Every structure is written in C-alpha cells, then in structure tokens.
Amino acid sequence: GDALFEELMAAVGIRAPRSENKLIAAVLWERGRLHMRGLSFQLRASDQIAPEQRKRMDLLEVLRTATTGHDPLRSVVFGTQFLRLALDAGEPLRIIRGLSGSAMASASETSARARANTHELLSRAQRLLAQHDGARERLHYNVACATVAFYRSELREVLAPAVEAERAYRELVL
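Cut-offs applied
- Residues numbered from 1 in each chain as written.
- Predicted model: local features only at pLDDT ≥ 70, side-chain atom pairs only at ≥ 80, totals over all residues.
- Heavy atoms only, no water.
- Helix = DSSP H or I, 4+ residues; strand = E, 2+ residues; numbered from the N terminus.
- Rg over C-alpha atoms; globule rule 2.2 N^0.38 Å.
- Buried < 20%, exposed > 50% of the residue type's maximum accessible area, 1.4 Å probe, protein only.
- Contact = heavy atoms within 4.5 Å.
- Areas by Shrake-Rupley, 256 points an atom, 1.4 Å probe, with all protein chains shown as cover.
- Lys, Arg positive; Asp, Glu negative; His and termini not counted.
- Charge placed at Lys NZ, Arg CZ, Asp CG, Glu CD.
- Axes fitted to C-alpha atoms, helices over the stretch in contact; angles between N-to-C directions.
- Parallel < 35°, antiparallel > 145°, perpendicular 65-115°, else oblique.
- Left-handed = near helix turned anticlockwise from the far one by under 90°.
- Nonpolar A, V, L, I, M, F, W, Y, C, P; charged D, E, K, R; others polar.
- Salt bridge = Lys/Arg side-chain N within 4 Å of Asp/Glu carboxyl O.

1. A few points about the overall build of the protein
At step 1: The secondary structure content of the protein amounts to 8 helices and 0 strands.
At step 2: Beginning at the N terminus, the succession of helices and strands in the protein can be written as α-α-α-α-α-α-α-α.
At step 3: Against the compact-globule benchmark of 16 Å for 174 residues, the protein has a radius of gyration of 16 Å, which places it among compact chains.
At step 4: The C-alpha extent of the protein, read off along each of the three principal axes, is 40 × 40 × 35 Å.
At step 5: Going through the 174 residues of the protein one by one, you find that 43% of them count as buried.
At step 6: Taking as baseline every contact in the protein between residues at least 6 positions apart, the subset at least 24 positions apart corresponds to 69%.
At step 7: Of the roughly 10000 Å² of accessible surface on the protein, a fraction of 55% belongs to carbon and sulfur atoms.
At step 8: Counting 25 positive and 21 negative side-chain charges, the protein places the averaged centre of each group 4 Å from the other.

2. Observations concerning the packing of helix 3 (residues 51-67) against helix 5 (residues 92-107)
At step 1: In contact at an axis separation of 12 Å, helix 3 and helix 5 are set at 25° when each is read in the N-to-C sense. One element, helix 3, and the other, helix 5, form an angle in the roughly parallel class. Here the hand of the crossing between helix 3 and helix 5 comes out left-handed. Where helix 3 approaches helix 5, its residues R54, M57, D58, E61 and R64 are matched on the opposing element by R94, R97, G101 and M104.
At step 2: Tallied by class, residues from the contact of helix 3 with helix 5 come to 2 nonpolar, 1 polar and 6 charged.

3. Structural notes on the pattern of salt bridges
It is possible for side chains of opposite charge to pair when their charged atoms get near one another.
At step 1: Scanning all chains against the criterion turns up 17 salt bridges.
At step 2: One salt bridge in this structure joins E137 and R97, with 2.5 Å as the shortest N-O distance. Of this pair, E137 sits in helix 7 (residues 135-151) while R97 sits in helix 5; the two residues are 40 residues apart in sequence, bridging distant segments of the chain. You'll find E137 and R97 in the same group, each marked buried.
At step 3: Ionic contacts of the salt-bridge type, sharing partners, join the residues E61, R97, R136 and E137 into one network.

4. As for the packing of helix 6 (residues 112-131) against helix 7
At step 1: The interhelical angle for the contact between helix 6 and helix 7, taken along N-to-C directions, is 155°, at an axis separation of 11 Å. One element, helix 6, and the other, helix 7, form an angle in the roughly antiparallel class. When you trace helix 6 past helix 7, the crossing you get is left-handed. The segment helix 6 lies against helix 7, with T118, L122, A125, Q126 and L129 engaging E137, R138, Y141, A144, C145 and V148.
At step 2: Of the residues that constitute the contact of helix 6 with helix 7, the class distribution is 7 nonpolar, 2 polar and 2 charged.

In structure tokens form, the structure reads like this:
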C-alpha cells in the first residue's frame with residue numbers, strides 16, 4: 001500500500017515526510033500557508049483548470065481519504081494541500097470537498113479556536129454547496145457535518161446529516 005502511494009506521489013511531485021516530527025512540522029507549514037493565503041477564490045469551471053492540476057488535486061484528495069485511518073498527520077498534510085490548491089484553482093466542487101475535509105480534521109481538535117474554524121469551514125462549504133450542488137459534494141459535506149457532531153459528542157446532531165449523506169451516496173451509486 002505505502003509503496004504504491006509513494007510511487008503515485010512521486011509521479012506528480014507530491015511529497016510528505018514519514019517521521020512524526022517532520023509530519024508535525026509539515027502540518028504546521030501547510031496550515032500556515034493556507035492561513036496566509038486565506039480562503040478566498042476566483043470561481044472557475046473545471047475545464048478552465050489544467051488537466052495536470054486537476055490530477056494533482058484529485059490525487060491529494062484520494063491520499064487524504066486513504067490515510068485518514070492509519071496516518072492522520074499525513075492525511076491532514078494532504079487535505080490542507082488539497083484545499084489550498086482547490087482554492088487556487090477556483091473550482092467550486094473541489095473547494096466544497098476541501099472545506100468539508102478540513103472541517104473534519106479541525107473538529108478533532110478541542111480548542112475554542114478549532115471549534116470556530118470548523119464552523120467557518122462548514123459554513124463556507126454550505127454556502128458554496130447552495131450555489132453549486134452535486135451529489136458527491138453533498139455526500140462530503142454531510143459526512144463532515146455528521147463527523148463534526150460525533151467528535152463533539154452532539155449525538156442527536158449526527159442523524160440528519162448522516163441520512164442526507166446516505167441519500168447522496170445512493171444517488172451516486174444507483
């Protein structure tokens with residue numbers, strides 16, 4: 001598994017450290033870059049983005065998802081890079097997925113600042129989703145909402161977005 005990840009990453013110039021200390025530094029670096037950049041973007045259609053840029057973003061998204069369970073620090077690095085590149089590209093559907101993924105990562109932290117950040121990320125994703133609806137993006141957004149509620153032990157708040165996520169999933173696969 002890891003060898004395949006490394007091969008895919010090398011093919012598009014994505015690097016992520018292996019040691020825990022270097023991963024922590026990479027998380028701080030990527031979050032700092034995103035903070036300095038901000039969350040603004042110029043809307044563009046997917047076909048206005050170079051195919052190589054789309055492939056790189058999509059691979060970062062796959063890597064974020066694939067490493068969430070077994071290598072959460074790498075997942076945060078990949079997810080933060082994905083969100084930054086999606087914002088740079090301006091493609092709304094990828095931005096929704098990036099905001100949703102970053103909200104889940106932020107929700108795993110317990111500070112008041114992380115709570116506010118999580119809320120801001122989900123609010124931005126929700127506003128963008130209202131304008132650029134897609135089943136895949138609804139799935140990501142609602143999974144993020146359910147996950148955030150679960151992390152916060154707001155168990156009554158998990159059900160509604162989980163049901164919506166299931167609806168979006170069924171729409172995608174049926």
